[in-house]
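# A closer look at the structure
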Amino acid sequence: MMIRKQTLLVLATSLLLPAALQADSGTEALYQQHCASCHGTDRLGGMGPALLPDNLSRLRKTQAVDAIRDGRPATQMPAFDDILDSESITALADYIYLPPASIPTWGQVEILDSHLLPHSHGTLPDEPVYQADMMNLFLVVEIGDHHVTLLDGDKMEPIHRFPSRYALHGGPKYSPDGRYVYFGSRDGWITKYDLYNLKVTAEVRAGINMRNIAVSADGKYVMAANYLPHTLVLFGADNLELMDIIPVENGAGDSSRVSAVYAAPPRNSFIAALKDIPEAWEITVEDGKPNVRRMQTDTWLDDFFFDPGYEHVIGAARDGKHGLVINLDTGKTVADLPLPGMPHLGSGITWGYQGTRVMATPHFRTGAVSIIDMDNWQVIKTLETEGPGFFMRSHENSRYAWVDVFFGPNKDKVHVIDKQTLEIVKTLQPAPGKVAAHVEFDRYGEKLLLSIWDNDGAVIVYDADTLEEEKRIPMNKPSGKYNVWNKINYEEGTSH
Ligand code: DHE
């Protein structure tokens, strides 16, 4: 194992706690007495999630108060209303949103210490313990109570449900044969799960605040992209053993968060975009040793997407007003796309249209889907929707693309777009008042699943052709769904 020296990257000093914001010693003592055993003496997490402002950015303070007072169902988090008065509960909720007093580090020592290996690679049986088409399985991430449901995609019935790490985010990534799946959590945990034996085989914590993970096309490596610390971390895929930590720096003293990392299969490489340095990186790995090729970009890249041949990366500029197309061989920017409204390129899809290939992306800030000709990089249509959307999905065998209206008063609506007329042909509102979002098709493109994004939610099974609802499977705030076949074959209508 090769580890570089500069591994203990640190939180920017600007995030340190000014004296005026320091918690009083009474609250600190309460934290150490009641919370530290699960959430860590330094709030970096333990059995429970990390309680630092960046890790909590998605939890409103009132929700934190509720969680401390009432506990969290289906987790180890107990209710404190019998033990603490409401003033102490509010003080604790305030405290966990304060920046830390000392600089948290997460380097080689911490990563190695976090490594768990309940089942070393190759020690579990090679036959599935249940009967199903292993290529038509779905995983459904339920963020309401941090669980994952394994679904039989032929019968559209749950096979198994298991707890996940707190706040999974980004798509889980399958091994090339579809047997194993790797989950990434916002707190930096990577979990490897064996779909044949329904068991966690390995876990490791790659960072304090992680964006996502990618699995190399040959299935040998897993790469984690972190916001904190500013690192990319490489693991062996078999046992999640640490291979290397790459400090994300530009050589001029600047370091950067990583927007995301993806595998680029035809190039046998990983591509990462940096959030604070105008560079995209291509990382190749030989014998466990990463090699970084830097591409300068005209601006900082946030979200990004590839053409099907992985010759170009299309990145959303951090200013949210345009997109850049970068040729991955030359590293040069070849087009600048007018994409106002912060395109969510990570959710983009492509399809064949009038002899060319188009890609389409929803936007976070405007109610529109941009459809772009990938031959000449021209926006050929801006399709108005009933509000900003998050996820767009289709399948090569389906004539429709689905896009949600995630934000605003129409968040309960989903549009169905005809991929040849580029028009909305139907708008569904399956659960009035509740967000309906994120679609994934089965391997054949014949059925699809849509989430009702609510604690009392469901995934709805639709016929992909008639658009008729077939059934609802109750779930606790189901977010993403991931079909094994579609993912391992890089199906054009889904995320990779
Ligand atoms: Fe995500 C994927 C970034 C907020 C649910 N999201 C991704 C990916 C990126 C990203 C870069 C692709 C990684 C991958 O799959 O490997 N997401 C961001 C953000 O920058 C943003 C806007 C702000 C943030 O806090 O990170 C953001 N994302 C959210 C949410 O609020 C969502 C709706 C709920 C949640 O769980 O946090 C959310 N993001 C998802 C999901 C995917 C995802 C379900 C995977 C989609 C897929 O089909 O692959």
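Bear in mind that the values here come from a model prediction, so they are computed numbers and not experimental data.

Quick notes on the rules
- Residues numbered from 1 in each chain as written.
- Predicted model: local features only at pLDDT ≥ 70, side-chain atom pairs only at ≥ 80, totals over all residues.
- Near = placed C-beta within 6 Å.
- Helix = DSSP H or I, 4+ residues; strand = E, 2+ residues; numbered from the N terminus.
- Nonpolar A, V, L, I, M, F, W, Y, C, P; charged D, E, K, R; others polar.
- Pairing = 2+ DSSP bridges.
- Axes fitted to C-alpha atoms, helices over the stretch in contact; angles between N-to-C directions.
- pLDDT = per-residue confidence, 0-100.
- Contact = placed C-beta atoms within 7 Å.
- Parallel < 35°, antiparallel > 145°, perpendicular 65-115°, else oblique.
- Left-handed = near helix turned anticlockwise from the far one by under 90°.
- Core = buried A, V, L, I, M, F, W, Y, C linked by C-beta atoms within 7 Å.
- Buried ≥ 20, exposed ≤ 12 C-beta atoms within 10 Å, placed from the backbone.

To continue, consider the site of the ligand. Neighbouring the ligand are 15 residues; Gly-170, Gly-171, Asn-212, Gly-480 and Ser-495 lie closest to it. Those elements giving two or more residues to the shell around the ligand turn out to be β8 (209–215) and β32 (478–483). Classifying every residue of the shell around the ligand by side-chain character gives three nonpolar, nine polar and three charged.

Turning to the sheet that holds strand β2 (residues 147–152), a few remarks are in order. Reading across the sheet, the four strands line up as β3-β2-β1-β32 and stay open at both edges, with antiparallel pairing between neighbours. Of all the strands in the sheet, the pair left with one neighbour each is β3 (157–163) and β32. If you compare each strand with its neighbour and ignore which way they point, the axes differ by 20° on average. Here strand β1 (residues 137–142) pairs with β2 via six bridges, running antiparallel. By the bridge assignment, Glu-142 is partnered in β2 with His-147.

Another point: the confidence of the model for the protein chain. In low-pLDDT segments, the atomic positions of the prediction should not be examined closely. Model confidence for the protein chain is summarised by a mean pLDDT of 91, while 95% of its residues fall at 70 or above. Low pLDDT, under 50, characterises residues 1–17; the stretch is placed with 35 contacts to residues that sit more than four places away or in other chains. Here the prediction assigns the complex a pTM of 0.90, and the interface score ipTM is 0.98.

Once that is clear, we can look at the environment of Asp-152. Within the secondary structure, Asp-152 is located in strand β2. Considered as a pair, Asp-152 and Ala-36 are 116 residues apart in the sequence and their alpha carbons are 40 Å apart. If we ignore the near neighbours within four places in the chain, the residues touching Asp-152 are Ala-132, Leu-137, Glu-157 and Ile-159.

One can describe the packing of helix α3 (residues 61–70) onto helix α4 (residues 86–96) by two numbers: an axis separation of 9 Å at closest approach and a directional angle of 130°. The angle between α3 and α4 places the two elements in the oblique class. Relative to α4, α3 is oriented so that their crossing is right-handed. Here α3 contributes Lys-61, Ala-64, Val-65, Ile-68 and Arg-69 to the contact with α4, which in turn contributes Ile-89, Thr-90, Leu-92, Ala-93 and Ile-96. Partitioned by chemical class, the residues of the contact of α3 with α4 number seven nonpolar, one polar and two charged.

Sheet strands pair by backbone hydrogen bonding; their relative direction is either parallel or antiparallel. Pairing is antiparallel across the open sheet formed by four strands, whose spatial order is β20-β21-β22-β23. Two strands lie at the open edges of the sheet, namely β20 (349–353) and β23 (378–384), each paired on one side alone. The mean angle between the axes of side-by-side strands here comes to 25°, regardless of whether they run parallel or antiparallel. Pairing geometry for strand β22 (residues 368–373) and β23, over six bridges, is antiparallel. Pairing of Val-369 across the sheet is with Leu-383, part of β23.

The next point concerns the packing of helix α1 (residues 25–34) against α4. Contact pair α1 / α4: the axes reach a minimum separation of 10 Å and the direction vectors enclose 90°. Classified by the interaxial angle, the pair formed by α1 and α4 is roughly perpendicular. Counted together, Thr-27, Leu-30 and Tyr-31 of α1 and Ser-88, Ala-91, Leu-92 and Tyr-95 of α4 form the full contact between these two elements.

Between Leu-228 and Pro-229 the backbone carries a cis peptide bond, its omega angle lying at -5°. By the secondary structure assignment, Pro-229 is in the loop between β9 (221–228) and β10 (231–236). Backbone geometry places Ala-167, a non-glycine residue, at a positive phi of 55°. Following the sequence through the fold, Ala-167 ends up in the loop between β3 and β4 (173–174).

Grouped together as the largest cluster of nonpolar side chains are 129 residues, with contacts concentrated most on Val-222, Phe-235 and Ala-272. Element by element, the count of residues in this core is highest for β9, at seven residues. If we ignore the near neighbours within four places in the chain, the residues touching Val-222 are Tyr-182, Ile-190, Ile-213, Val-215, Phe-235, Ala-237 and Leu-240.

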